Amino acid sequence: MNKTEFVNEVYQKTKLTKKDCKLCIDAFIDVIRDALKSGESVTLSNFGKFKVSERKTKSMYSFKTKQTELIDKRKTPIFKASDNLKQSVK
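Read on for an overview of the structure. Note that the coordinates shown come from a computational prediction; the quantities given were computed from them, not determined experimentally.

1. With respect to the nonpolar core
Note on soluble globular proteins: their nonpolar side chains tend to be buried together.
Alright, step 1. Grouped together as the largest cluster of nonpolar side chains are five residues: Ile 32, Ala 35, Leu 36, Val 42 and Phe 50.
Alright, step 2. Of the residues forming this core, the biggest block, three residues, is contributed by helix α2 (residues 18-37).
Alright, step 3. Those residues in contact with Leu 36, other than ones at most four positions away along the chain, are Phe 50, Lys 51, Val 52 and Pro 77.

Spelled out as structure tokens, the structure:
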């Protein structure tokens, strides 16, 4: 499902205008993005938890250059589904 289809599904369930649904979804994404940027985690009951994880520095062999290169440590967003969500998918 892409974003347009998602907006249509929300529209069908809420009967808000499609424009309002898109604004709500965009705001939802922005709030999560801003929280993760500031280092906070976002927990939604019965859905899951969004958080930032820091990956360690690691080495990688490059077949192109035939040398070992270091990949710097970096932060990446993580989503962990709640048990309730996992059970509903089974």
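After that view of the structure, there is still more to cover.
2. Regarding the environment of Val 10
Alright, step 1. Locating Val 10 in the fold gives a position in helix α1 (residues 3-14).
Alright, step 2. Sequence separation between Val 10 and Cys 21 is 11 residues; the distance between their C-alpha atoms is 6.5 Å.
Alright, step 3. Each residue touching Val 10, except ones within four places of it in the same chain, is listed here: Lys 15, Cys 21 and Ile 25.

3. Things to note about α2
Alright, step 1. With 20 residues, α2 should cover 28 Å at 1.5 Å per step; its first-to-last C-alpha distance of 28 Å lies within 8% of that length.
Alright, step 2. Of the positions making up α2, those classed as buried are Cys 21, Ile 25, Asp 26, Ile 32, Ala 35 and Leu 36.
Alright, step 3. Against α1, β1 (42-44), β2 (48-55) and β5 (74-81) lie the buried residues of α2.
Alright, step 4. Remark: Gly 39 follows α2 within two positions and exhibits a positive phi of approximately 90°.

How each quantity is defined
- Residues numbered from 1 in each chain as written.
- Predicted model: local features only at pLDDT ≥ 70, side-chain atom pairs only at ≥ 80, totals over all residues.
- Heavy atoms only, no water.
- Core = buried A, V, L, I, M, F, W, Y, C linked by side-chain atoms within 4.5 Å.
- Buried < 20%, exposed > 50% of the residue type's maximum accessible area, 1.4 Å probe, protein only.
- Helix = DSSP H or I, 4+ residues; strand = E, 2+ residues; numbered from the N terminus.
- Contact = heavy atoms within 4.5 Å.
- Expected span 1.5 Å × (residues − 1).

The values are spatial; any link to function lies outside them.
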